[in-house]
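# Observations on the three-dimensional arrangement
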Amino acid sequence: MCTSNTPKQTPVRRRAVNAALGQAPFDLLLINGQIVDMVTGEIRQVDVGIVDHLIASVHPRGQFSQAEQIHDLNNQFLSPGLIDTHVHLESSHLPADRYAEIVVAQGTTTVFWDPHELANVLGLDGVRYAIESSRDLPLRVICAAPSSVPSTPGLEMSGADFRGDEMNTMLSWPEVAGVAEVMDMHGVLHGSDRMIEILEAGLASGKIIEGHARGLSGERLQAYLAAGVTSDHELTSAADALEKLRAGLTLEIRGSHPYLLPEIVEALKSLPHLSSQIVLCTDDVSPDMLLENGGILQLVRLLVSHGLPVTDTLRMATLNGAIRLQRPDLGLIAAGRTADLVVFDSLETLEPKAVYVQGKQVAAERRMLVPVKANASVSAPRDTIRLTPRCQQDFELSIPNVTHGKARLRIIKGARFTQWSEITVDVRNGVAVLPAGYSMIYVQHRHGKHQLAGQLAILEDWGEMKGAIATTYSHDSHNLVVIGRAPDDMMLAANTLIASGGGMVLAQNGGILAHVAMPIAGMLSDAEPAILARDFKALRDLSAQVAEWQPPYRVFKAIEGTCLACNAGPHLTDLGLTDGSTREIVEPLIEAWSTETD
């Protein structure tokens, strides 16, 4: 005789069923709302009943009235909470609790955080810090397991080195939902042992694998997908976006490169239909931009302003994101789903009037109803700049075996998209004389993993620096980077960051123009969000007195990515002048000769 155990519903689920049948009151009833239906694209006039964290019923207006609380939405528009499918919280320079305080009030209720900036400084401890510091927040933080630590092994050195064992460890943690962006494209395509281990761990886990397919097309793009990668946010043009979508990648339209949005929108509108494999992400947002304009909210508004239908845009920011993250409990206003909701005043202005997280109202009029508290049991990682003060000679490009003469050097041309170039310079007292119109970049390892001296290279098409800019937030190894001309200003900028535990600084004429300290891992600030946003904006604005910016590529943000050696072209790292295409460290000096007797 066969026997079976009778399945039991949880008490909350049972209460939701009874409330939906009219046999029990709702905990909360939202009346007179207009929901944006992410399945059909319709705008429907309904009421929504909530029990605990669950949506129990979506029903005709006035059908039920029994509830502990009733909120009248006054014909405003109800959407699922917004989902950010790829973000580095570290780019806001805010700890998780302060980041949550800003974005939740804007309607973002879920983020997929790739903490590879913290991981590149602190290793597995950095990922654990990300997880622990984001517990018990009103923001649902789902973590990805960083795959790019460092992003380009052999060309740079960060504070850790992740391979298969580390990936298996992180994927075993329940808070981790997949492999973070696979930046080592060369390693994937050429079958490096490290990338094979990392990808096999991801595939075996059954969790998602995020991509970073910058510049890949044709057979190289197909090969990258064949390795198991399923998404990409590194879009460079409309044609690039369409090729990747047609290839089968989930397209992550990001807000950090807004100049691309108009052409991407036009390309998407040309398609017969909009795939569920189009989602939205912020990737990197500075603290002032986050506070002033918003994260995913700003991206939604921009896409709508460029002509993408608002219902399609919101679906990308909600249901599509939930599908991508394999979270069937999110992204839809439907019975049985989690009650993460945002109330918009209209579908034109998209101003968030109220935000609900797991059935409880947490924000109104872009303000949290209750302050967000940090996890008191978590200690922030400090003292990560393992450097002694630099001297002026560290910022002089020495030419060996020539006291007075000439030297022909390989140099870096361009900001975001770099190319090789050459220059012949004068040599005086064994030091290269920097010609007018050129600048210098210096990179110094800061994690204590090797003792090599700082590396120097000449920059072309960066303009002529009138001072120095320095940062310890530099993708992706986050070493100390200084760009300038005058060795004394470069030294001052570097030593200011060494003393403050990291951050960003401007130096000019022997003084400090602006300084934002980031003593937590050399990338996060202790300051209140409004103060940090003010100071960061002031530093960025003042940077125009030091640098000759030329949008869209030669901009302040380019400082953070100028050492990203996984991308094609030349980049300076802590190990030397590198070629991202050939994966080689290249000697900058081509030849040198004396022009007078020493």
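This report concerns the structure included in the present document. Given the structure is predicted, the values throughout are model-derived calculations rather than measurements.

### Re the packing of aromatic side chains
Under the defined criterion, the tally for this structure stands at six aromatic pairs. Taking 5.9 Å as the distance between ring centres and 85° as the angle between the ring planes, the aromatic pair formed by phenylalanine 536 and phenylalanine 556 counts as edge-to-face. On the criterion of sequence distance, the pair formed by phenylalanine 536 in helix H16 (residues 529–542) and phenylalanine 556 in the loop between H16 and helix H17 (558–561) is long-range, its members being 20 residues apart. Residue phenylalanine 556 is classed as buried on the basis of its relative accessible area of 8%. A centroid spacing of 6.4 Å and a plane angle of 90° characterise the contact between tryptophan 549 and phenylalanine 556, whose relative ring orientation is edge-to-face. Looking at tryptophan 549, the relative accessible area reads 22%, which means it is partly exposed. Note that arginine 128 overlies the ring of tryptophan 173, its terminal NZ or CZ placed 4.5 Å from the centroid.

### Side note on the sheet that holds strand E12 (residues 250–254)
If you trace the three strands from one edge of the open sheet to the other, you get E11-E12-E13, paired in parallel fashion. Among the strands making up the open sheet, the edge pair consists of strand E11 (231–232) and strand E13 (278–281). Examined bridge by bridge, E11 and E12 share two bridges and lie parallel to one another. What sits directly across from serine 231, in E12, is threonine 250.

### Here's the deal with helix H2 (residues 96–105)
For H2, the tally of buried residues reaches nine of 10 residues, placing the bulk of the element in the interior. In the segment just after H2, glycine 107 is the residue with positive phi, at about 105°.

### Looking at the pairing of strand E25 (residues 503–508)
In terms of burial, E25 is largely enclosed, as six of its six residues are buried. Of the two faces of E25, the one holding Gly503, Val505 and Ala507 and the one holding Met504, Leu506 and Gln508 are both buried throughout. Pairing analysis gives four bridges linking strand E23 (residues 468–471) to E25, with the strands arranged antiparallel. Within E25, the residue paired with alanine 468 across the bridge is alanine 507. Remark: two residues form the turn of the hairpin made by E25 and strand E26 (residues 511–517), two consecutive strands paired antiparallel; asparagine 509 in that turn has positive phi of roughly 55°.

Criteria and cut-off values
- Residues numbered from 1 in each chain as written.
- Predicted model: local features only at pLDDT ≥ 70, side-chain atom pairs only at ≥ 80, totals over all residues.
- Heavy atoms only, no water.
- Phe/Tyr/Trp six-rings, centres within 6.5 Å; stacked < 30°, edge-to-face > 60°.
- Helix = DSSP H or I, 4+ residues; strand = E, 2+ residues; numbered from the N terminus.
- Buried < 20%, exposed > 50% of the residue type's maximum accessible area, 1.4 Å probe, protein only.
- Lys NZ or Arg CZ within 6 Å of the ring centre and 35° of its normal.
- Pairing = 2+ DSSP bridges.

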